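Listed here are the chains, written in short residue letters.
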Amino acid sequence: MTERSSKSPSIIKQALSVNKKPFPWLKAFSAGVAASLPILIGLVLGHFEYGLIAGMGGFTYLYVFNIPYAQRAKKIFIIVIALTLLTALGTLAAPYPLVIAVLMGIIGASAIFIFGALRIAGPSAIFLVLVFSMTTGMPVDPASAPLRAGLVFLGGSLSWIMAMIGYFFDPHGPETGVMKRALMELSSFIDSVGTERFHESRHRVMSVLNEADEILASGYISWRQTDFFKRLYVLNTSAHSIFTYILENFSDHDNKLPPELGQSLRKTALSLDGKSEIEIVAGEILQPDEMDNLVAYLFKLIYDADAIMNEPTSKINKVVEVYKPSIKTVLGGAFDKNSIIFLAAFRFGIITIIAAIIAFQFGLVRSYWVPLSCVAVMSGFSIVATFHRAIQRGIGTLLGILIASVILSLHPDGYIIALLVLLLTFITELFIVKNYGLAALFFTPNALLMAESTSLGHFDFTYFASARMLDVLIGSIIGLMGVWLVGRRSASSRIPHLIAKTIRSQAQFLLILFSDQGKGFNARDSRELKKMKTNIHNLKTLYNTAVGEIPADRRALDYYWTVVFSVEQLGYLLENCAKLDSRLLLSEETLAQLLYICETTAIAVNLQRSPSIREVPEIETFPAIQNELINLQKTLQISPKVIL
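**Focus on the overall build of the protein**
Right, so step 1: Regarding its fold elements, the protein presents 25 helices and zero strands.
Right, so step 2: Contacts in the protein between residues at least 24 apart in sequence constitute 81% of all its contacts with a sequence separation of at least 6.
Right, so step 3: Counting only carbon and sulfur atoms, one obtains 62% of the accessible surface of the protein, whose full area is about 28,900 Å².

Written out as structure tokens, the structure is:
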């Protein structure tokens, strides 16, 4: 979730802006090799057309991101299987246009839903739909389905191997990276105490700590726990303790903390990846000459965090217990009438089907380029993002078609095609982090080159360029119209209801945390925790989608940003509390008061009214939870008096 600004640049300016992210040179080169190597192998073996089909499996590498190798292995393998099955399905469905249209919608909707619900980084539906579509455009031959599917599987398997090579050099690279970022943000948070940056920094730390939890959970392998992974896991627990301690003791602090605190934690962060020349031992942690007991204890927590990476293995040999919801639970939570993920997936599927049917009805040659353009445009997570995609896709694709037309007019073949696929894929992956339009400029000729080469059709420069441009124009217009008509206010109108629902789930979790649930009960594996986390995730996704709606009420969204942040902060504190083995039980009277406060707050949010500020009873040893409940009530007093 990101904080809103009252002033935003125009949609066109945003769409054409180029960000400052560094070029991913290694990933771009690897993606180029993954796409072109199967073509080269096919050439060497005397089956160029087989190599082109196998090259479609090379799209698998475009789903490789910096996630733990345990998760990467499963994710990329599933993509390989998906592309394989879609190739077979596209070959079998090729003679039936209506079936192709319906399947395109189902494939796209399923991918959008799964990627959104599981929070999987990657290009989502676009390449799954692309491979299916390209297969339907090949010469109709249902009997060749097993052969084509097998070739795509081989190409995808090569991408899987390339994606996993890094494991042998840095098996815990992603986990180390996220912990380093978490400690660096925590250092900045310490420096922000007593300044105006405190609340902004608090949000960044909470986000990266939650990310660290997810990364470590996804990198966990029950049958193989390395010493270094255990240290990272314990270090993450220590980082949460430091963050919570600061919230409980320094949230209202007017003076800055000693700079040595942030410096010490920063040194620990820099030593994680082994690339820094800084070596930290206990005696090197700096301390000021004078400090009170609260600051002294904070130094102790930082000292303990540093010791985790330097203590003998015998002292770190802690049994790691990772709790993560099952895929069934996560997908079930997203399969809800209030889930924007489910609604977006449903909308995506319907509009894609309509685009495909229109293309087939008009009898357009290679008509699948119309729904493909529609899919690319709708891949934005909000209305604004969709308009950005439409502008970027339109400009990039039109110029890309001209490049493709020139290339195809030269009738390239053999090794030239393999070289062009390598080069175009490499450039695409370089620029995708900068601007989608720049990537489309090179991705378009790449996809067209592979599609036209596998279709074995006759090429005419003028006809080809005009046909593809028309396809892109029609598809983009359908995508924009569909999103505009169906989803203009679908997110913002649901914000109050989902905030209330989330607060109620937090109240249920708070009840089981501080009441006797019997021997052997584990709050971290409870249904209430899973429900609360699902609601918070859905709420953040809903808010981010609402921010991109047109028109958007900025005043109301700025107001709800503070509310959503407070709800997210409360959820973090409750989840962190659940990690403790024992907690002080609260009396029934105290629990009743807390539940009453949460329920009246939820009702007020749902009715868009300011709740009465009620006294929150003391929660001994967990003052931060008490303070956040008070803060939530105060935040809701600043009512924008608008109906979203």
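**Side note on the pattern of salt bridges**
Right, so step 1: In this structure the tally under the stated criterion is 15 salt bridges.
Right, so step 2: Across the salt bridge formed by Glu429 and Lys27, the nearest N and O atoms sit 3.8 Å from each other. Pair noted here: Glu429 is in helix 18 (residues 415-431) and Lys27 is in helix 2 (residues 25-44), with a separation of 402 residues, a long-range link.
Right, so step 3: Across the pair Arg204 and Glu185 runs a salt bridge whose closest N-O atoms are separated by 3.3 Å. Taken together, the positions of Arg204 in helix 9 (residues 198-218) and Glu185 in helix 8 (residues 173-192) put the pair 19 residues apart, joining distant regions of the chain.
Right, so step 4: On the basis of relative accessibility, which here comes to 33%, the residue Arg204 falls in the partly exposed class.
Right, so step 5: With a relative accessible area of 23%, Glu185 lands in the partly exposed category.
Right, so step 6: If you follow the salt bridges from partner to partner, you end up with Glu185, Glu200 and Arg204 in one network.

**A look at the environment of Ala182**
Right, so step 1: The residue Ala182 is located in helix 8 in this model.
Right, so step 2: Put simply, Ala182 and Ala212 are 30 residues apart on the chain and 7.2 Å apart in space, counted from C-alpha to C-alpha.
Right, so step 3: Look past the residues within four positions of Ala182 in its chain and what remains in contact with it is Val208 and Leu209.

**Some points on the nonpolar core**
Right, so step 1: If you look at the biggest cluster of nonpolar residues, it comprises 179 residues, and the most contacted ones within it are Ile499, Phe514 and Ile625.
Right, so step 2: Residues in contact with Phe514, not counting those within four places in the same chain, are Cys577, Arg583, Leu584, Leu585, Leu586, Leu591, Ile619, Phe622 and Ile625.

**Focus: the side chain of Ser526**
Right, so step 1: Mapped onto the elements, Ser526 comes out in the loop between helix 21 (495-513) and helix 22 (527-547).
Right, so step 2: A polar contact of 3.2 Å, which involves the side chain of Ser526, links it to the backbone nitrogen of Leu529.

**What to know about the packing of helix 23 (residues 554-578) against helix 25 (residues 623-635)**
Right, so step 1: Running from N to C, helix 23 and helix 25 point in directions that differ by 165 degrees, and their axes come no closer than 10 Å. Considering their axes alone, helix 23 and helix 25 lie roughly antiparallel with respect to each other. For the pair helix 23 and helix 25, the sense of crossing is left-handed. Contacts between helix 23 and helix 25 involve Tyr559, Thr562, Val563, Ser566, Val567, Gln569, Leu570, Leu573, Leu574 and Cys577 on the former and, on the latter, Ala624, Ile625, Glu628, Leu629, Asn631, Leu632 and Thr635.
Right, so step 2: Looking at the contact of helix 23 with helix 25, its residues break down into eleven nonpolar, five polar and one charged.

**Topic: the packing of aromatic side chains**
Right, so step 1: As enumerated under the stated definition, the model contains 19 aromatic pairs in all.
Right, so step 2: Relative to Phe426, the ring of Trp25 has its centre 6.2 Å away and its plane inclined at 40 degrees; by these criteria the two rings are tilted. In this pair, Trp25 sits in helix 2 while Phe426 sits in helix 18, placing the two residues 401 residues apart along the sequence.
Right, so step 3: By relative accessible area, which is 53% here, Trp25 ends up exposed.
Right, so step 4: Taken together, Phe23, Trp25, Phe426, Phe431 and Phe442 form an aromatic cluster joined through their ring pairs.
Right, so step 5: Looking at Lys27, its charged tip hangs above the ring of Phe65, at a distance of 3.8 Å from the centre.
Right, so step 6: If you follow Lys434 out to its NZ or CZ, it ends over the ring of Phe23, 4.7 Å from the centre.

**Let's talk about unusual backbone geometry**
Right, so step 1: Of note in this structure, His411 is not a glycine but carries a positive phi near 50 degrees.
Right, so step 2: Note that His411 resides in the loop between helix 17 (383-409) and helix 18.
Right, so step 3: In the Ramachandran plot, Thr621 falls in the positive-phi region, its phi being about 75 degrees despite a non-glycine side chain.
Right, so step 4: Along the chain, Thr621 falls in the loop between helix 24 (588-606) and helix 25.
Right, so step 5: The exposed category is assigned to Thr621, whose relative accessible area is 52%.

**Observations regarding the packing of helix 11 (residues 259-270) against helix 12 (residues 293-308)**
Right, so step 1: Between helix 11 and helix 12, the least distance of the axes is 10 Å, while the angle of their chain directions is 10 degrees. In this view, helix 11 runs roughly parallel relative to helix 12, as classed from their interaxial angle. Mapping the contact onto sequence places Glu260, Leu261, Ser264, Leu265 and Thr268 in helix 11 and Val295, Leu298, Phe299, Ile302 and Asp306 in helix 12.
Right, so step 2: Class assignment of the residues belonging to the contact of helix 11 with helix 12 gives a composition of six nonpolar, two polar and two charged.

**Remarks on the confidence of the model for the protein**
Right, so step 1: Per-chain confidence: the protein averages 84 in pLDDT, with 87% of residues scoring 70 or above.
Right, so step 2: Here helix 1 (residues 11-16) stands out as the element of the protein with the lowest mean pLDDT, 65, in contrast to helix 7 (residues 145-164), whose mean of 96 is the highest.
Right, so step 3: Confidence drops under pLDDT 50 across residues 2-8; counting only partners more than four residues distant or on other chains, this segment forms ten contacts.
Right, so step 4: Counted against residues more than four places away or in other chains, residues 275-283, with its pLDDT under 50, gives 14 contacts.

**As for helix 15 (residues 340-361)**
Right, so step 1: If you check helix 15, its first and last C-alpha atoms are 31 Å apart, about what 22 residues at 1.5 Å a residue would give, namely 32 Å.
Right, so step 2: Within helix 15, the full set of buried residues consists of Ile340, Ile341, Ala345, Arg347, Phe348, Gly349, Ile351, Thr352, Ile353, Ala355, Ala356 and Ala359.
Right, so step 3: Backbone geometry just downstream of helix 15 places Gly363 in the positive-phi region, at approximately 65 degrees.

**Digging into the layout of surface pockets**
Right, so step 1: Of the volumes computed, that of the second largest pocket is approximately 560 Å³.
Right, so step 2: When residues of the lining of the second largest pocket are traced back to their parent elements, those giving at least two are helix 2, helix 4 (69-93), helix 7 and helix 8.
Right, so step 3: Taken together, the residues of the lining of the second largest pocket sort by class into 13 nonpolar, four polar and three charged.

**With respect to the environment of Ile341**
Right, so step 1: Secondary-structure assignment places Ile341 in helix 15.
Right, so step 2: For the pair Ile341 and Ala117, spaced 224 residues apart in sequence, the C-alpha separation works out to 6.7 Å.
Right, so step 3: Setting aside residues no more than four positions away along its own chain, Ile341 makes contact with Ile112, Phe113, Gly116, Ala117, His537, Asn538 and Thr541.

Thresholds, definitions, all that
- Residue numbers run consecutively from 1 along every chain, following the written order of its sequence.
- A pLDDT threshold of at least 70 governs which residues receive local features in this predicted model, and a stricter bar of 80 or more applies before side-chain atom pairs are shown or counted, although totals over entire chains, interfaces and linings include all residues.
- To obtain the side-chain values, all non-hydrogen atoms of the structure were included, while hydrogens and water were left out.
- Helix and strand definitions follow DSSP, with helices as H or I runs of at least four residues and strands as E runs of at least two, each counted in order from the N terminus.
- Here, residues are in contact when the closest pair of their heavy atoms is within 4.5 Å.
- The Shrake-Rupley method, run with a 1.4 Å probe sphere, supplies the accessible areas, and residue values consider only the shown protein chains as cover.
- When a carboxyl oxygen of Asp or Glu is within 4 Å of a side-chain nitrogen of Lys or Arg, the pair counts as a salt bridge.
- Remark: exposure states derive from per-residue accessible area (1.4 Å probe, protein chains only) relative to the maximum for the residue type, with buried under 20%, exposed over 50%, and partly exposed in between.
- Nonpolar core, defined: a set of buried Ala, Val, Leu, Ile, Met, Phe, Trp, Tyr and Cys residues in which side-chain atoms within 4.5 Å join the residues together.
- Pairing of N or O atoms within 3.5 Å defines a polar contact, subject to two protein rules: one partner must be a possible hydrogen donor and the other a possible acceptor, and residues neighboring in sequence count only if both atoms are side-chain atoms.
- Only the stretch in contact is used when fitting a helix axis, every axis being a line fitted to C-alpha atoms; angles between N-to-C directions are given from 0 to 180 degrees.
- With respect to orientation, any angle under 35 degrees is reported as roughly parallel, any angle over 145 as roughly antiparallel, any angle of 65 to 115 as roughly perpendicular, and every other angle as oblique.
- Working rule for handedness: look at the near helix, and if it is turned counterclockwise from the far one by less than a right angle, call the crossing left-handed; if clockwise, right-handed.
- Three categories are distinguished: nonpolar for Ala, Val, Leu, Ile, Met, Phe, Trp, Tyr, Cys and Pro, charged for Asp, Glu, Lys and Arg, and polar for the others, with Gly belonging to the last.
- Pairing of aromatic rings covers Phe, Tyr and Trp, the last counted by its six-membered ring, and requires centre-to-centre distances within 6.5 Å; plane angles under 30 degrees mean stacked, over 60 mean edge-to-face, and any other angle means tilted.
- The rule for a charge over a ring is simple: NZ of Lys or CZ of Arg within 6 Å of the ring centre, and within 35 degrees of the ring normal.
- Residue-level confidence of the predictor, termed pLDDT, takes values from 0 up to 100.
- Expected helix span is computed as 1.5 Å times (number of residues minus one).
- Points on a 1 Å grid, built from protein atoms alone, make a cavity when a 1.4 Å probe fits but cannot get out and make a pocket when they are open with protein on both sides within 12 Å along at least 5 of 7 lines; residues with an atom within 4 Å of a point are the lining residues.
- Grid points are joined across faces, edges and corners, and a volume is the space filled by probe spheres set on the points.

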